[in-house]
Amino acid sequence: MDSASENFLKEGDDLVSKGKYDLANENYSNAIDLIGSDTQHPQYVSLLFKRAGIYHQKGKNILALSDLNRAIEANPDNIHARLKRAKIQSSLGRFEDAMDEYKRVLKIRPDNSQAKQQIEKLKKAEQQLEKVRDMVKVEKNYKDSIPLLVEIQSVVSDLKEVRLMLCECYYQQGDHRKVLDETMTILKSEPSSVAALYWRGKTFFSMGEKEIAMKFLKEGLKFDPDNTDCRAMIKTINKFEKSSANAQELFNQQKYQDALGQIEDALEIESNSPTHSTPLYLLKCKCLLKVKKGKESIDACNRALELDETNADALYNRAEAYMYEEDYQKALNDYNKAREHKPNDPQIHDGIRRAQKAQQMAKRKDYYKILGVQKSATNEEIKKAFKKLAIKNHPDKSTETDKEKAQQIYMDINEAYEALKDEEKRKRYDMGEDINDPHGGGGQGGGFGGFGGFGGFQGFQGFQQGGGGGGGFQFHFR
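It should be emphasised that the depicted structure is a prediction, and the values quoted were computed from it without experimental measurement.

### Side note on unusual backbone geometry
A positive phi angle, close to 60°, is found at K140, a residue other than glycine. Here the phi dihedral of Q254 falls at roughly 65°; this positive angle occurs in a residue that is not glycine. The exposure class of Q254 is exposed, given its relative accessible area of 53%.

Pasting the structure below:
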């Protein structure tokens, strides 16, 4: 071996021991260039094998296979080169080629345990891959697919299909960080992978990074201008922002049913993003309470809190919904939780006061029950119910023995009607105040501050429900 190539070989080995693989590869390449086409050179196969190892480590599997092909052509019985080639073929998901390679190893050395073990692993991985394709693409069973894909990946570590399926599963399970890790691994070895750029863009959008998301999606279109996934995702982002902005505007215009429609359109696009979805669920909670759907309002706040359990606004507004449903203890619990996150918020303290007072007043007469109407009854419905009950329960129609009881019922009916027909009294009654207390005052109204970080949601204005026969529950939104 000439001194120049020998020096390059020694220098390369020294650099490998120091972890300087790129420089080591340069030295191995210089030595290989000096040897040229002399396949009988004593270091020819060894140099190709070493350079292939570094290529494989760097994810440059095609270059690694090229070197191993040359090494095996020069020495067909080189077990190490064949095992390395089989390993790379396995990692790329080339099951048949890898199987054939391991079988050739066994022909040379029938007792080679590594080849025997890898053949069994390959068979299992191939069967698992067929199964998991259906689990992901057909059954949409993302949770159970992840451990299976991770196991497959231990055998076919560089098969892009497996990484992309993992991206889909991790995304659907809300594990955005792992999606970014998988896509980064793909892009290191294949910077033009449009599928990886797509999942990266989609994930960044879910994380609230719209500009970064658009950057990756547009980069994908540079490599494939007709890519339907990237194009569709860009349209989806634009539609989401439009629906979100429309929902906010309709809310401000007090068009609550229309706002709910736009909210559902946006949530259909992105329903699990702490950044994007939480404010939408919060707005949905407020709209539902405004149209007097307390239970559905609570459900919407629950979804917001699933995504952000420390969200004081969601806790406050769920408490308001519980107040509407007359579940005062749960309302008090939520007000207190909200206070833990915003201890100096006056609206939260007012909510606690109202809930405590409502509990105290819970044993008072239920005017709605007396008149047999819903809490959301209009003035006309209340008037109609009163007339019907007043005629039916007039004391003159009772016998002498029942007259005292009839008079009490009649008095209760009149008392209930007098309270509920008056808009201001009804508001105070609904908020748990003692309307027979001459010193009692109306409940505090209140606005709620906006919150940033969400396109279109610049802050909601406080409002009250009342007048026009729409009922008297006073909402204190944030």
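### Things to note about the pattern of salt bridges
In total, this model carries 32 salt bridges according to the counting rule given. Ionic pairing is found between R133 and E130, a salt bridge with its closest N-O pair at 3.2 Å. Taken together, the positions of R133 and E130, both in helix α7 (residues 113-137) and 3 residues apart, correspond to about one turn of that helix. Residue R133 is classed as partly exposed on the basis of its relative accessible area of 29%. On the basis of relative accessibility, which here comes to 48%, the residue E130 falls in the partly exposed class.

### As for helix α16 (residues 294-307)
Helix length check: α16 (14 residues) gives 20 Å between terminal C-alpha atoms against 20 Å at 1.5 Å per residue, within 8%. Within α16 the residues assigned to the buried category are G294, S297, I298, A300, C301, A304, L305 and L307. Packed against the buried residues of α16 are α15 (277-290) and α17 (312-324).

### Re the confidence of the model for the chain
Considering every residue of the chain, the mean pLDDT works out to 89; 90% of them sit at 70 or more. Predicted confidence for residues 441-473 stays below pLDDT 50, and this span has 102 contacts to residues more than four positions away or in other chains.

### Points about a negative patch on the surface
A cluster of acidic residues, E96, D97, D100 and E126, forms a negative patch on the protein surface. Ranked by the residues each element gives to the negative patch, the list is headed by helix α6 (residues 95-108), at 3 residues. Tracing the backbone through its elements, the reader meets E126 in helix α7.

### Examining the state of the cysteines
The final tally for this structure, using the stated rule, is 1 disulfide. Across the disulfide from C285 sits C301; the S-S distance is 2.3 Å. Note on the C285 and C301 pair: the S-S dihedral is about -80°, so by sign convention the disulfide is left-handed. Of this pair, C285 sits in helix α15 while C301 sits in helix α16, and the two are 16 residues apart along the sequence. Given the relative accessible area of 0%, C301 is considered buried. With no disulfide of its own, C230 lies closest to C167 among cysteine sulfurs, the gap being 13 Å.

### Structural notes on the side chain of N311
Tracing the sequence through the fold places N311 in the loop between α16 and α17. Accessibility expressed as a relative area gives 15% for N311, which makes it buried. Within the structure, the side chain of N311 is placed 2.9 Å from the backbone nitrogen of A314, a separation counted as a polar contact. Apart from residues lying up to four places away in sequence, N311 is in contact with T278, L282 and L305.

### Re the environment of V136
Relative to the elements of secondary structure, V136 occurs in helix α7. You can call V136 buried: its relative accessible area is 0%. Separated by 209 residues in the primary sequence, V136 and D345 place their C-alpha atoms 47 Å from one another. Once you skip the residues sitting within four places of it in the chain, V136 turns out to touch Y142, S145, L149, M165, E168 and C169.

### Focus on the packing of aromatic side chains
Where two aromatic rings form a pair, the distance of their centres and the angle of their planes describe that pair. As enumerated under the stated definition, the model contains 9 aromatic pairs in all. Ring centres of Y171 and W199 lie 5.6 Å apart, and the angle between their planes is 55°; on these two criteria the pair is classed as tilted. Of this pair, Y171 sits in helix α9 (residues 160-172) while W199 sits in helix α11 (residues 194-206), and the two are 28 residues apart along the sequence. Ring geometry for F251 versus Y256: centroids 5.8 Å apart, planes at 75°, classification edge-to-face. Under the relative-accessibility criterion, F251 is labelled buried at 3%. Residue placement shows K215 over the ring face of F216; its charged tip is 5.7 Å from the ring centre.

### Here's the deal with the nonpolar core
Counting 93 residues, the largest nonpolar core has L129, V132, L149, V162, I263, C287 and Y335 as the members making the most contacts within it. Beyond its immediate stretch of four places on either side in the chain, V132 contacts S145, L148, L149, I152 and M165. Among the nonpolar cores identified, the runner-up in size contains 22 residues, and Y28, I35, Y44 and L92 belong to it.

Cut-offs and rules
- Residues numbered from 1 in each chain as written.
- Predicted model: local features only at pLDDT ≥ 70, side-chain atom pairs only at ≥ 80, totals over all residues.
- Heavy atoms only, no water.
- Buried < 20%, exposed > 50% of the residue type's maximum accessible area, 1.4 Å probe, protein only.
- Salt bridge = Lys/Arg side-chain N within 4 Å of Asp/Glu carboxyl O.
- Helix = DSSP H or I, 4+ residues; strand = E, 2+ residues; numbered from the N terminus.
- Expected span 1.5 Å × (residues − 1).
- Contact = heavy atoms within 4.5 Å.
- pLDDT = per-residue confidence, 0-100.
- Patch = residues over 30% accessible without salt bridge, like charges linked within 9 Å, V, L, I, M, F, W, Y side chains within 5 Å.
- Areas by Shrake-Rupley, 256 points an atom, 1.4 Å probe, with all protein chains shown as cover.
- Lys, Arg positive; Asp, Glu negative; His and termini not counted.
- Charge placed at Lys NZ, Arg CZ, Asp CG, Glu CD.
- Disulfide = S-S within 2.5 Å.
- Polar contact = N/O pair within 3.5 Å; in protein donor to acceptor, adjacent residues only side chain to side chain.
- Phe/Tyr/Trp six-rings, centres within 6.5 Å; stacked < 30°, edge-to-face > 60°.
- Lys NZ or Arg CZ within 6 Å of the ring centre and 35° of its normal.
- Core = buried A, V, L, I, M, F, W, Y, C linked by side-chain atoms within 4.5 Å.

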